[in-house]
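What follows is the residue order along each chain.
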Amino acid sequence: MGRMERPLRGVADPPADGVGRRDFLKVCMIAAATVGLPASVGRRWAEAAQAGLKPSVIWLHFQECTGCTESLLRTSHPDLGELILDLVSVDYHETLFAAAGYQIEEALHQAMEQHAGKFVCVVEGAIPTKDDGIYCQIAGRTAIDILQEVGSKAAAVIAIGSCASWGGIPSADPNPTGAVGAKDILTGTTVITIPGCPANPYNFLGTVLQFATMGTLPALDDKSRPLFAYGRTIHEHCPRRAHFDAGRFARQYGDEGHRLGYCLYALGCKGPETHANCSTNHFGEVPDCWPIGLGHPCFGCTEKGIAFHKPLHEAAVLPENAHPPIFPEHRRSASVPAVGAAGLVAGAVIGAGLMASKKIAVKDGEDER
Amino acid sequence: MSMDRRALLKGIAVAGAGAAVSATPTEASEAPQAPPDAVGMLYDATRCIGCRACVTACKTANDLPGNLYDPPNDLSGDTKNIIKKYEVDGHVASYMKQQCMHCLDPACVRACMVGAFKKRDFGIITWNPGRCIGCRYCQVACPYTIPKFQWEKANPKIVKCELCLHMLKVGKQPGCCQACPKAAVIYGTYTDLMADAKERIAKHPERYWPQGSPKIFGEHDGGGTQVLYLASVDFAKLGLPDLGAESAGALAQKVQHGIYKGFVAPVALYAILGAVLWRNRRAAAKTGGE
């Protein structure tokens with residue numbers, strides 16, 4: 001047990017039964033900073049949370065591994081698990097609740113009625129649709145039923161993780177349960193997706209806290225992902241980008257290029273087609289704690305149709321604008337009519353000049369005579 | 001001074017026969033052959049991932065300016081090698097690498113009137129700045145539009161791939177072939193590459209275009225080239241013209257030699273001109289009578 005000399009935080013530590021105001025403020029500010037908001041916003045979050053304006057959260061689990069919840073609880077910053085419970089009021093969460101059976105069902109209904117139209121519905125896991133959705137049932141009801149009921153009463157629906165966002169692992173070929181994301185079930189409402197396998201907890205926190213404090217939702221892309229986190233590809237901000245541009249590639253796991261930290265593109269890295277902020281917002285705030293940082297190609301977990309669909313070794317498609325077409329258009333310095341017009345003007349000037357010089361010559365001749 | 005018609009025609013006929021005799025030995029009738037020490041490259045478009053490592057490596061190997069943050073969009077005065085894309089419905093159907101093809105019977109060498117272009121060691125076509133007069137006939141002659149001119153420079157050069165001859169001489173591979181992470185472009189002797197290409201087709205005929213009987217571009221095209229191509233799409237879509245088996249130079253030679261064949265056409269032309277001259281003089285003598 002040599003490796004366990006230093007106990008893992010949050011596991012071996014005694015459970016914290018409260019967080020100091022100072023620590024609380026600090027975490028709020030870090031949360032704000034990591035999603036690119038000013039420190040004043042962090043202060044406002046802390047104030048809102050302490051004034052009891054915590055939004056009620058109903059957390060639904062469907063076809064998933066609970067990895068998103070786990071990563072949310074196990075971020076390396078102290079006591080974040082506790083803080084989530086303090087920042088927001090989680091009224092239903094199957095993993096975190098001690099209660100079970102009828103008791104927890106009761107809690108769900110109570111929270112739903114009490115905060116109808118005000119609570120945040122978080123969905124974790126894909127929803128099976130095949131055979132009327134019988135492959136995932138809770139309390140005798142299918143996932144589709146539960147999501148439709150809870151989702152219709154929620155003020156906002158957030159899908160956390162790739163499963164809830166677009167199907168994730170359960171939707172991998174041949175997709176035996178017909179798994180889809182929450183967006184495909186709640187077609188009428190806006191579903192914010194925070195894909196990732198697992199999703200980066202700060203992307204989730206930033207979205208929830210913005211809603212809690214300002215009542216607004218972040219700007220979204222065409223796949224309903226917050227732009228602050230998913231606006232750019234991994235490739236754009238990759239710390240190994242210089243190696244890509246210089247043509248230095250790791251060609252095999254463990255070869256010289258791999259040991260020297262060269263670009264992983266040739267090994268099948270999906271960074272060029274994957275939109276996420278992993279390259280700038282590492283997991284658990286541990287430097288380089290993300291696939292490429294650890295020497296593994298990005299496998300495109302945030303992107304529908306890439307993770308669990310494209311083979312790991314398959315080369316990613318590079319951004320379209322990087323290559324010229326076979327017959328590129330060459331920029332002309334001036335259009336044909338413009339050159340023509342300029343030629344006419346120049347000709348007229350030269351002609352006028354010639355005529356003028358002729359007249360002057362004649363005049364001079366007359367003068368001399 | 002007067003020279004009678006008979007003597008003139010005799011002189012022309014003698015000169016014509018001489019020209020016809022001297023022209024015969026240069027008539028090339030069979031397909032050009034690769035020199036025995038020929039080297040080249042094989043670019044397999046189905047393996048290319050479009051990373052452009054070769055574009056950067058080429059610039060480094062040849063000491064050319066530019067970087068990939070401002071990527072070139074075509075071959076130019078500072079780009080000897082480029083990767084392009086062929087799109088179908090907004091998706092890349094194939095990548096394409098462009099550089100000098102190092103033809104077996106190069107049109108540029110034939111067009112260069114001062115001998116600045118030469119097919120030299122290993123069959124590589126090189127350009128000699130000391131001889132070049134900047135006429136750019138090579139640019140016009142090349143069926144692949146490869147030679148580029150440094151328009152923006154006061155002392156411009158012709159820029160084209162010389163298969164990194166300077167690196168081959170020190171026992172290194174061309175820059176692009178060294179850099180390719182997927183071995184989509186490889187360097188080797190002409191015979192080895194041809195055998196390799198044929199082996200790939202034999203192993204995976206379904207990968208290559210055209211389906212059924214895949215083609216190696218450069219095996220016969222334009223008289224054959226030392227750079228060979230394999231692709232999954234029509235080569236014409238990748239910007240490689242359909243040249244037939246005859247080289248441009250051979251075709252031009254055929255046309256030229258056709259005109260002068262047996263010196264019939266020039267003799268006929270001069271005969272007509274002579275007749276017109278003779279008629280005019282006779283008419284002038286009749287009317288004017290000076």
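Residues numbered from 1 in each chain as written. Chains lettered and ligands numbered in written order. Predicted model: local features only at pLDDT ≥ 70, side-chain atom pairs only at ≥ 80, totals over all residues. Heavy atoms only, no water.

Caption draft 1: Quick peek at the sheet that holds strand 2 (residues 89-93) of chain A. Residues and elements named next belong to chain A. The strand order across the open sheet built from five strands is 2-1-3-7-9, with neighbouring strands paired in parallel fashion. At either end of the open sheet lies a strand with only one pairing partner, and these are strand 2 and strand 9 (191-194). The average undirected angle you get between the axes of adjacent strands in this sheet is 25 degrees. The sheet contact formed by strand 3 (residues 120-124) and strand 7 (residues 156-160) spans five bridges and is parallel. Paired with Val 120 across the bridge in strand 7 is Ala 156. This element, helix 6 (residues 143-153), spans strand 1 (56-61), strand 3 and strand 7 of the sheet and lies at about 165 degrees to strand 1. In this fold helix 9 (residues 201-214) packs onto strand 1, strand 3, strand 7 and strand 9, with an angle of close to 175 degrees to the strand it touches most, strand 7. (Pairing = 2+ DSSP bridges. Helix = DSSP H or I, 4+ residues; strand = E, 2+ residues; numbered from the N terminus. Axes fitted to C-alpha atoms, helices over the stretch in contact; angles between N-to-C directions. Contact = heavy atoms within 4.5 Å.)

Caption draft 2: Broad picture of the interface of chain A and chain B. Across the boundary between the two partners, chain A contributes 21 residues, which contact 31 residues of chain B. For the pair chain A and chain B, the summed buried surface comes to about 2,100 Å²; carbon and sulfur atoms form 54% of the total. Between chain A and chain B we count nine residue pairs in polar contact (both at pLDDT 80 or more) in total. Classifying every residue of the side of chain A that touches chain B by side-chain character gives 13 nonpolar, four polar and four charged. (Buried area = accessible area lost by both parts, 1.4 Å probe. Polar contact = N/O pair within 3.5 Å; in protein donor to acceptor, adjacent residues only side chain to side chain. Nonpolar A, V, L, I, M, F, W, Y, C, P; charged D, E, K, R; others polar.)

Caption draft 3: How the structure looks around the confidence of the model for chain A. Mean pLDDT over chain A: 83, with 86% of residues reaching 70 or higher. Segment residues 1-17 of chain A: pLDDT under 50, and six contacts once partners within four positions in sequence are set aside and those in other chains are kept. (pLDDT = per-residue confidence, 0-100.)

Caption draft 4: Structural context of the nonpolar core. All names here are of chain B. Core analysis: the largest hydrophobic core is formed by 38 residues, its most contacted members being Tyr 43, Tyr 144, Tyr 229 and Leu 240. For this core, the secondary structure elements donating two or more residues are strand 1 (39-44), helix 2 (53-61), strand 2 (82-88), strand 3 (91-98), helix 5 (165-168), helix 6 (175-179) and strand 9 (227-230). When neighbours within four sequence positions are excluded, Leu 240 is seen to be in contact with Met 96, Met 101, Tyr 144, Phe 217, Tyr 229 and Phe 235. (Core = buried A, V, L, I, M, F, W, Y, C linked by side-chain atoms within 4.5 Å. Buried < 20%, exposed > 50% of the residue type's maximum accessible area, 1.4 Å probe, protein only.)

Caption draft 5: Representation of unusual backbone geometry in the model. For the peptide bond that leads from Asp173(A) to Pro174(A), omega is 5 degrees, which places it in the cis range. Along the chain, the position of Pro174(A) falls in the loop between helix 7 (161-166) and strand 8 (179-180). Cis rather than trans, the peptide bond between Cys197(A) and Pro198(A) has omega equal to 0 degrees. Considering the arrangement of structural elements, one finds Pro198(A) in the loop between strand 9 and helix 9. Within the chain, Thr66(A) stands out as a residue other than glycine whose phi angle is a positive 65 degrees. Looking at where Thr66(A) falls in the secondary structure, it is placed in the loop between strand 1 and helix 3 (67-73). Classification of Thr66(A) by relative accessible area gives buried; the value is 17%. For Phe263(B), which is not glycine, the phi torsion reads 60 degrees and is therefore positive.

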